[in-house]
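Structure assessment
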Amino acid sequence: MADKTLTRMDLADAVHSQVGLSRNDSADLVESVLTHVSDSLVKGETVKISSFGTFSVREKAARVGRNPKTGEEVPIHPRRVLTFRPSHLMKDRVAAGNKR
Amino acid sequence: MIRSELIQKLADENPHLYQRDVEKIVNTIFEEVIEAMARGDRVELRGFGAFSVKKRDQRIGRNPRTGEAVAVEEKHVPFFKTGKLLRDRLNGG
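Please read all numbers here as calculations on a predicted model, not as lab measurements. (Residues numbered from 1 in each chain as written. Chains lettered and ligands numbered in written order. Predicted model: local features only at pLDDT ≥ 70, side-chain atom pairs only at ≥ 80, totals over all residues. Heavy atoms only, no water.)

**Some remarks on the sheet that holds strand 2 (residues 47-49) of chain A**
Hydrogen bonding along the main chain pairs the strands of a sheet, whether they run parallel or antiparallel. Residue and element names in this part refer to chain A. Spatially, the three strands line up as an open sheet ordered 2-3-6, and their pairing is antiparallel. Edge positions in the sheet fall to strand 2 and strand 6 (79-86), since each of these pairs with one other strand and no more. Across the sheet, the mean angle from the axis of one strand to that of its neighbour is 20 degrees, orientation sign disregarded. Taken strand by strand, helix 2 (residues 23-42) contacts strand 2, strand 3 (53-60) and strand 6, and its axis lies near 35 degrees from that of strand 3. (Pairing = 2+ DSSP bridges. Helix = DSSP H or I, 4+ residues; strand = E, 2+ residues; numbered from the N terminus. Axes fitted to C-alpha atoms, helices over the stretch in contact; angles between N-to-C directions. Contact = heavy atoms within 4.5 Å.)

**What about empty space enclosed by the protein?**
Counted under the stated rule, the structure contains one cavity of 30 Å³ or more. Of the pockets and cavities examined, the largest cavity occupies roughly 70 Å³. What lines the largest cavity is simply A:Leu11, A:Val33, A:Leu34, A:Val37, A:Phe52, A:Phe55, B:Ile29, B:Phe30, B:Val33, B:Leu45, B:Phe48 and B:Phe51. Looking at the lining of the largest cavity, the elements with two or more residues in it are helix 2 of chain A together with helix 2 (19-38) of chain B. Among the residues forming the lining of the largest cavity, the class breakdown is 12 nonpolar, no polar and no charged. (1 Å grid on protein atoms, 1.4 Å probe; cavity = no way out; pocket = protein on both sides within 12 Å on 5 of 7 lines; lining within 4 Å. Points joined across faces, edges and corners; volume = space filled by probe spheres on them. Nonpolar A, V, L, I, M, F, W, Y, C, P; charged D, E, K, R; others polar.)

**Describing the packing of helix 2 of chain A against helix 1 (residues 3-13) of chain B**
How two helices sit against one another is set out by the angle between their axes and by the gap between those axes. Packing of helix 2 of chain A against helix 1 of chain B leaves a shortest axis separation of 10 Å and a crossing angle of 130 degrees. If you check the angle between helix 2 of chain A and helix 1 of chain B, you find them oblique. Considering the relative orientation of helix 2 of chain A and helix 1 of chain B, their crossing is right-handed. Seen from helix 2 of chain A, the contacting residues are A:Leu29, A:Ser32, A:Val33, A:His36 and A:Val37; seen from helix 1 of chain B, they are B:Leu6, B:Lys9, B:Leu10 and B:Glu13. (Parallel < 35°, antiparallel > 145°, perpendicular 65-115°, else oblique. Left-handed = near helix turned anticlockwise from the far one by under 90°.)

**Overview of the packing of aromatic side chains**
Applying the stated criterion to the full structure yields 11 aromatic pairs over all chains. Note on B:Phe51 and B:Phe80: the rings are 4.7 Å apart at their centroids and 45 degrees apart in plane angle, and the pair reads as tilted. Of this pair, B:Phe51 sits in strand 2 (residues 49-56) while B:Phe80 sits in strand 5 (residues 75-82), placing them 29 residues apart in sequence. Classification of B:Phe80 by relative accessible area gives buried; the value is 9%. Feature note: the residues A:Phe52, A:Phe55, A:Phe84, B:Phe30, B:Phe48, B:Phe51 and B:Phe80 constitute an aromatic cluster, connected by ring pairs. (Phe/Tyr/Trp six-rings, centres within 6.5 Å; stacked < 30°, edge-to-face > 60°. Buried < 20%, exposed > 50% of the residue type's maximum accessible area, 1.4 Å probe, protein only.)

**Focus: the sheet that holds strand 5 of chain B**
Taken in spatial order, the four strands make up an open sheet running 1(A)-1(B)-2(B)-5(B), and their pairing is mixed. Only two strands of the sheet have a single partner each, and these edge strands are strand 1 (5-6) of chain A together with strand 5 of chain B. Relative to strand 2 of chain B, strand 1 (residues 42-45) of chain B runs antiparallel, the two sharing three bridges. The residue of strand 2 of chain B that forms the bridge with B:Leu45 is B:Gly49.

Here you go:
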């Protein structure tokens with residue numbers, strides 16, 4: 001296991017070397033992809049990327065929470081949360097790549 | 001939104017690019033994320049979220065139909081944590 005952290009820059013580098021776009025254009029395209037996915041989710045849509053996974057937005061109802069330290073009750077407002085469900089292909093490749 | 005709709009949006013915004021290059025760009029980005037996780041790496045996209053790998057310990061599972069105990073090996077699963085900016089945007093922030 002390498003335990004490295006990749007960033008936008010690494011994704012842009014991959015686009016630059018594999019598609020031949022300039023580094024600047026590659027970085028812009030990476031950003032555009034993330035923006036489109038985010039905008040779609042903010043509209044409440046589900047984003048389904050075949051062989052990668054599905055991002056979906058779930059509505060959480062209001063509930064009474066508790067501060068675990070003080071035991072004090074605090075209201076938790078209704079909110080929207082994002083869940084990601086990896087595709088079978090992603091699960092299989094991640095499991096195989098990290099075996100042992 | 002599905003992959004092909006994402007590709008179409010990017011193609012519309014980038015008329016100077018061939019459609020097949022836009023497809024290749026989108027495929028490269030998602031493929032790179034999977035490859036990183038397959039190596040055990042993290043992919044941190046500030047504002048959007050982070051993809052990482054979580055280890056699930058070996059355990060004794062049970063066949064829900066027969067109740068029979070079966071050994072389940074240790075495995076690694078993909079995990080996504082939403083970034084702060086996107087989480088806030090989802091809630092009108």
